[in-house]
Amino acid sequence: MNIGLVAHDAKKSLMQNFCIAYRGILSKHNIYATGTTGRLIEEVTNLTIHKYLAGHLGGEQQLASQIEHNQIDMVIFLRDPLSSKPHEPDVNNSIHLCDTYNIPFATNLATAELLVKALDRGDLEWREVLRKEQTQEE
């Protein structure tokens, strides 16, 4: 499975801790992240992260492109609803795309944990079936 990770500045350490806690599960999948978030995750987990540009420099658009091409199966975007800054990625575009393409999306730690545990149980395998069907149609 391909998992997208993004975190606003105030949530980057939370994302690091999340990835440390679920390293065993995440290590079985392909992880994509915006530049700074990806680098910070790599530093504490030794996971291999496919890093986009920094979110405000185009990384969020790179993630959006993968979502639009059905190449991402789940997104965890830890957002700061209280003090987001103008240079940080806009969560609304990601929500819109994931809703459009039926991709599970978490914006907080509680939902992120539910999704990663579902991933571990195999509850998201329908994404692989959907991806194969779309590939055959093309």
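The structure this text deals with has already been given above.
Going along each chain's sequence as written, the residues are numbered from 1 onward. Where totals are concerned, whole chains, interfaces and linings use all residues; where local detail is concerned, this predicted model gives features only for residues with pLDDT of at least 70, and gives and counts side-chain atom pairs only at 80 or more. With hydrogens and water set aside, each side-chain value is computed from the structure's full complement of heavy atoms.

> Quick question: what am I supposed to make of the sheet that holds strand 5 (residues 105–106) here?
One key point about sheets: their strands pair by backbone hydrogen bonds, in either a parallel or an antiparallel sense. Paired strands are those between which DSSP finds at least two bridges. The helix count covers DSSP runs of H or I at least four residues long, the strand count covers runs of E at least two residues long, and both are numbered beginning at the N terminus. The sheet built from five strands is open, its strands ordered 3-2-1-4-5 with parallel pairing. Looking along the sheet, the strands with just one partner apiece sit at the ends: strand 3 (49–51) and strand 5. Relative to strand 3, strand 2 (residues 30–33) runs parallel, the two sharing three bridges. The residue bridging Tyr32 from the neighbouring strand is His50, located in strand 3. Running at roughly 155 degrees to strand 3, helix 3 (residues 35–45) makes contact with strand 1 (2–7), strand 2 and strand 3 of the sheet. Contacts are assigned to residue pairs with any non-hydrogen atoms lying within 4.5 Å of each other. Note on geometry: axes are C-alpha line fits, over the in-contact stretch for helices, and angles between N-to-C directions span 0 to 180 degrees.

> Explain the environment of Lys51 to me, please; I cannot follow it from the model alone.
Structurally, Lys51 is set in strand 3. Working definition: with a 1.4 Å probe on protein chains only, accessible area under 20% of the residue-type maximum means buried, over 50% means exposed, and in between means partly exposed. A relative accessible area of 41% places Lys51 in the partly exposed class. Measuring from C-alpha to C-alpha, the distance between Lys51 and Ile31 comes to 8.5 Å, with 20 residues separating the pair along the chain. Residues within four places of Lys51 in sequence aside, it is in contact with Ala33, Gly35, Gly38, Arg39 and Glu42. A polar contact of 2.8 Å, which involves the side chain of Lys51, links it to the side chain of Glu42. Pairing of N or O atoms within 3.5 Å defines a polar contact, subject to two protein rules: one partner must be a possible hydrogen donor and the other a possible acceptor, and residues neighboring in sequence count only if both atoms are side-chain atoms.

> I would appreciate a short explanation of the packing of aromatic side chains in the present structure.
The geometry of an aromatic ring pair comes down to the distance between the two centres and the angle between the two planes. Between rings of Phe, Tyr and Trp, where Trp is taken as its six-membered ring, a pair exists when centres lie within 6.5 Å; planes separated by under 30 degrees are stacked, by over 60 edge-to-face, and by other angles tilted. Within the structure shown, the criterion is met by three aromatic pairs. For the pair Tyr32 and Tyr52, a centre-to-centre distance of 6.1 Å together with 25 degrees between the ring planes defines the contact as stacked. On the criterion of sequence distance, the pair formed by Tyr32 in strand 2 and Tyr52 in the loop between strand 3 and helix 4 (59–68) is long-range, its members being 20 residues apart. For the pair Tyr32 and Tyr52, a shared accessibility class is recorded, and that class is buried.

> I'm lost on helix 3 in this one. Help?
In an α-helix, one full turn covers 3.6 residues, which means residues spaced three or four apart are oriented alike. Buried residues of helix 3: Gly35, Thr37, Gly38, Leu40, Ile41 and Thr45, and no others. Where the residues of helix 3 are buried, they touch strand 1, helix 1 (12–21), helix 2 (23–26), strand 2 and strand 3. Downstream of helix 3 by one or two residues, Asn46 has phi in the positive range, about 60 degrees.

> How should the pairing of strand 2 be read in this particular structure?
Successive side chains on a regular strand alternate, one facing one side of the sheet and the next facing the other. Summarising the sheet, strand 1 and strand 2 pair through four bridges and their orientation is parallel. Its bridge partner being in strand 2, Ile3 is matched across the sheet by Ile31. With the strands pointing away from the viewer, any crossover whose connection runs clockwise from the first strand over the helix to the second is right-handed. Handedness of the crossover joining strand 2 and strand 3 through helix 3: right-handed.

> Would you mind showing me how to read helix 1 here?
Among all positions of helix 1, only Lys12, Met15, Gln16, Phe18 and Cys19 are buried. One face of helix 1 carries all of its buried residues, which in axial projection span an arc of 160 degrees. Taken together, the buried residues of helix 1 touch strand 1, helix 2, helix 3, strand 4 (74–78) and helix 6 (109–121). Directions are taken from the helix axis to each C-beta atom, and the arc is the one they span.

> Sorry if this is basic, but what is going on with the packing of helix 1 against helix 3 here?
Two packed helices can be described by the angle between their axes and the distance between those axes. Between helix 1 and helix 3, the shortest axis-to-axis distance is 9 Å and the interhelical angle comes to 45 degrees. In this view, helix 1 runs oblique relative to helix 3, as classed from their interaxial angle. Every pair of crossing elements has a handedness; the one defined by helix 1 and helix 3 is right-handed. Only Thr36, Thr37, Leu40, Ile41, Val44 and Thr45 of helix 3 make contact with helix 1, whose side of the interface consists of Lys12, Met15, Gln16, Cys19 and Ile20. The class makeup of the residues in the contact of helix 1 with helix 3 is six nonpolar, four polar and one charged. The cut-offs work like this: below 35 degrees is roughly parallel, past 145 is roughly antiparallel, 65 to 115 is roughly perpendicular, and the gaps in between are oblique. Helix crossings get a hand from a simple test, with the near helix turned counterclockwise from the far one by less than a right angle marking a left-handed crossing and a clockwise turn marking a right-handed one. Basically, the charged four are Asp, Glu, Lys and Arg, the nonpolar ten are Ala, Val, Leu, Ile, Met, Phe, Trp, Tyr, Cys and Pro, and anything else, Gly included, counts as polar.

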